[in-house]
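Each chain, written out:
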Amino acid sequence: MADQTQPNFTLKFTREDVGDRFARVRRTWWFRISAWLALLAGIGMILLWALLLRDLPSVDKLRSYEPPLPTNVRAGDGMPLRSYARDRRVQLSYAEYPKLMVGAFLSAEDKTFFDHGGVDYPGLVRAAWQGLTSGETPRGTSTITQQVAKNLLLTNEVSYVRKAREAILAFRIENSLSKEQILELYLNQIALGRNAFGVEAAANAYFDKSVRELTIPQFAYLAILPKGPSNYMPERHEKRAIERRNWVLGQMLENGYIDQAQHDAAIAAPLGAVPRKTPKTDPLGGYFIEEVRRQLIDQFGETEEAGPYSVYAGGLWVRTSFDPEIQRAAQKALRDGLVRYDRGRGWSGPMREKPFEGDGWRSALLNENIDLDYEDWRAAIVIAKTTSSVQIGFGDGNTGVLPRSAAQMPVRGKGGTAFAALKPGDVIAVAPEGGSFALRSVPKISGGMVVEDPRTGRILAMQGGFDATIQAFNRATQAQRQPGSTIKPIVYAAALENGMTPASIIVDGPFCVWQGAALGEKCFRNFGNTRGAGPKTMRWGIEQSRNLMTVQAANQTGMDKVVDLMQRIGVSQQKYPPYLSYALGAGETTVMRMVNAYAILVNHGRALNPTLIDFVQNRHGKVVWPENWRPCDRCNMPEWDGKPMPRPATRARQVLDAMSAYQMVHITEGVIQRGTATVLRDLNRPIMGKTGTSSGPRDVWFIGGTPQMIAGLYMGYDTPTNLGGYAQGGTIAAPIFKAFAQKALEGQDVLPFTAPAGIRMVRIDRATGRRVFGAWPGTDPKGAVIWEAFKPESEPRRRSRGEEEAPKAEVKKKAVQREQRDSDFLQREGGIY
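All of the points below concern the structure found in this document. What you see is a predicted model; the values in this text were computed from it and never measured. (Residues numbered from 1 in each chain as written. Predicted model: local features only at pLDDT ≥ 70, side-chain atom pairs only at ≥ 80, totals over all residues. Heavy atoms only, no water.)

Quick word on the layout of surface pockets
The following threshold applies: In this analysis, the protein atoms alone were mapped onto a 1 Å grid. Cavities are point sets where a 1.4 Å probe fits without being able to get out; pockets are open sets with protein on both sides within 12 Å along at least five of seven lines; lining residues have an atom within 4 Å of a point. Grid points are joined across faces, edges and corners, and a volume is the space filled by probe spheres set on the points. Under the scheme used here, helices are H or I runs from DSSP no shorter than 4 residues and strands are E runs no shorter than 2 residues, and both carry numbers assigned from the N terminus. Classification convention: Asp, Glu, Lys, Arg as charged; Ala, Val, Leu, Ile, Met, Phe, Trp, Tyr, Cys, Pro as nonpolar; all other residues, Gly among them, as polar.
Taken as a whole, the second largest pocket spans an internal volume of roughly 1800 Å³. Lining the second largest pocket we find 41 residues, and of these Thr456, Arg458, Thr611, Ile613 and Asp614 sit closest to its centre. Listing elements by their share of the lining of the second largest pocket, those giving two or more residues are helix H13 (286-300), helix H21 (591-602), strand E18 (606-607) and strand E19 (613-617). Broken down by element, the lining of the second largest pocket gets its largest block of residues, four residues, from H13. Taken together, the residues that form the lining of the second largest pocket break down as 16 nonpolar, 11 polar and 14 charged.

Topic: the sheet that holds strand E2 (residues 80-84)
What counts here: Only when DSSP finds a minimum of two bridges between them are two strands counted as paired. For helices, the fitted axis covers only the stretch in contact; all axes are lines through C-alpha atoms, and the angles between them, taken along N-to-C directions, range from 0 to 180 degrees. The contact criterion used throughout is that any non-hydrogen atoms of two residues lie within 4.5 Å.
The strand order E2-E1-E5-E19-E20 describes an open sheet built from five strands, whose pairing is mixed. The two strands at the open ends of the sheet, each matched to only one other strand, are E2 and strand E20 (623-625). On average, adjacent strands in this sheet sit at an angle of 30 degrees to one another, irrespective of strand direction. As judged from the four bridges shared by strand E1 (residues 71-74) and E2, these two strands associate in the antiparallel manner. Residue pairing for E2: Val73 is matched across the bridge by Arg82. The sheet strands contacting H13 are E1, E2, strand E5 (317-320), E19 and E20, and the helix crosses E2 at an angle near 50 degrees.

Points about helix H23 (residues 729-744)
In plain terms, the rule: For the exposure calls, accessible area comes from a 1.4 Å probe over protein chains only, and a residue counts as buried if that area is under 20% of its type's maximum, exposed if over 50%, partly exposed in between.
Buried residues of H23: Gly729, Gly730, Ile732, Ala733, Ala734, Ile736, Phe737, Lys738, Phe740, Ala741 and Ala744, and no others. Tucked into the core, H23 has its buried residues touching helix H14 (324-342), strand E12 (446-452), strand E22 (688-693), strand E23 (699-705) and strand E24 (710-716).

As for the side chain of Lys791
Locating Lys791 in the fold gives a position in the loop between strand E26 (785-790) and helix H24 (801-804). With sequence-adjacent residues up to four places away left out, Lys791 is seen in contact with Leu496, Glu497, Asp657, Met659, Ser660 and Gln663.

Examining the pairing of strand E8 (residues 389-393)
Here E8 lies mainly inside the structure; four of its five residues are buried. What sits between strand E7 (residues 378-385) and E8 in their antiparallel hairpin is a turn of three residues. As judged from the five bridges shared by E8 and strand E9 (residues 399-403), these two strands associate in the antiparallel manner. When the sheet's bridge partners are listed, Ile392 is paired in E9 with Gly400. The turn linking E8 back onto E9 is made up of five residues, and Gly397 within it adopts a positive phi angle of 95 degrees.

Considering the sheet that holds E22
Pairing is antiparallel across the open sheet formed by five strands, whose spatial order is E13-E12-E24-E23-E22. Looking at which strands have only one partner, the edges of the open sheet turn out to be strand E13 (459-463) and E22. Going across the sheet, the axis of each strand differs from the next one's by a mean of 5 degrees, ignoring polarity. Here E22 pairs with E23 via six bridges, running antiparallel. Paired with Gly692 across the bridge in E23 is Trp701. Across the sheet, H14 lies against E12, E13 and E24, angled at about 25 degrees from E13, the strand it touches most. The strands that H21 touches are E12, E13, E22, E23 and E24; relative to E24, the one it contacts most, it runs at about 150 degrees.

What follows is the structure, given as structure tokens:
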């Protein structure tokens, strides 16, 4: 039998053999080609990442994308006031857009939108071929999805790289969002000219309608605008716009959105666009609205970069404390007072000087954004001038004539007539007179006024000058002025906190202090009688605004305590130096601060920061400011439900003893009844307040009001100037307050100022401050016996029988004879009163 054993072969490969084999493979043609291809692929991937993918935006933010929206401001009753916006935009959901409108845009921009995956390949190839053959970068052919990618996530750079990035993003968007969501983003974001972004804003800008009210030809017109709004502006390119609109109508017919009859009717329709116009806003409360804007910018920022709640992009809903009726009353009263004082002092000059060329007078006037709304006054621009008249133009495009005879007032500070000074480009104030117009003078003097609810700290009205569109500076919050005698109730409140009473006797007589070797001795003076009236009650000193009594009280109390209360009550932000002159109004403050200080007195010494904004909601309705805001449940019930009454949360802090605060309110009621503001007595309701006149006199003041409403105002030149010796708070400022109150208090309940627990009302002799037992106060405001408010155990004690008897009538007569007017002093004396 043959041997079947097979030989055993063992293959052994050494490292040298492997190296030889790899070397032979590397020398083959196919390996070299594969290696080069791999290298090129790697380089391509790196370039693709570097050029297209490296900083490509994430599509995820589109899911929560919120377009920039304006901030909407509302009054206290919810009525719209103003919008802060740089772009017109109104956001709608997809379901709110009419189907025909959607069909118009799809027919014009992307008829295969619901079929493609984000990119129109045939159109892309055509655009690339055109770009290669013409040598230009291709434009157009972008689908709606690509336009969304470009508008929201990319730049407007025109290049092949941007087109490629746009296509990649379009794929991602299609995979992340539904077609309806993509269309909603597009229709809310697209720029359509006339500063309108989104279709709803464009419908209003071009047709003064909501998108739901538009017709088929109007849908078609809006659909042509994404290609270039400036190419189809109705005022310049109406024929071109109609041709392009009709093309869109043909596409809508071809795509089945409309039938032949609808097409033919739409083709025959005119364009129907309204002239371009600036959105009209009610000028009421311009200073208030601007102050709200400043506060919102401080809190949230101005643009998108500042955060999600920015003023011009965050879509905020702002509820303010603004009361339109009270604002109208304050605005008219202050303006009338300014015009009344300024009348007869000559023409103050043009409001603006705006040279123009050719027929550009209207745009020159509109660019100034002056919207006079005082009585029948109108802003006009001088177009041309002859020897007998001036041709003037208005913002609505109309023109008029200002005759020489209607502009003969002298030019203030220069001489000559206003007519001679007028020149083309002057923006002036005029009013209708006969068949032409007459020149009006905007007052040079100005002032500020604030109205506050003392129970809540809410600012109800604010007027910071004659007109916010002429003078942007808000004198109610920004002007630092000396308050004059309106500071005295704060000085005496400090005295009441430190042991004095309303019946305390203070000497109305000479008072001097040594100020050091450099300044020497300072002697304070009273108006009307340098020697003073002798010992008088604190009440009398406040009612008659006696300087010497005020510095006596401040000196006895201690100026450090006085200026400390001024800071605590908000008159000053920083503590004033403890000098006696500050007790007479030498420190600077604002109308807002002074009104709030008086509101604190009325609110029993409880301080509430004055607020213009009740709350701010984001675009979804969530309150985002103030922090920790809570609604007052059941506060707005139409009828009581029998449960305990709801009590809104309050954040008031006690900065002044409640009884001292009430005592000062009770005393300042006497200022109205028999003091420096008796012009208000016939309002026939409880009113507290104080007049003031700063040194010069340069400013006149009045601060005061009722339990429901405290108002304050000052009047003076922006560059402090002497107003004339006759100018007094009681003769100029108080009548302005009266004109305001007559309107603002109409229909309001007549309520007394309430006393806090512990106050004791005691009958006293008004002249001597002694307690009275045998008589009762009467209806005569200047009666000898009055009720006075005392803290427990501080009222005057029983004296001898003769002192307990009722005061005789001659006491009243003697006191009346000693009364002095501020104007008597101002005509021959200087100082702060």
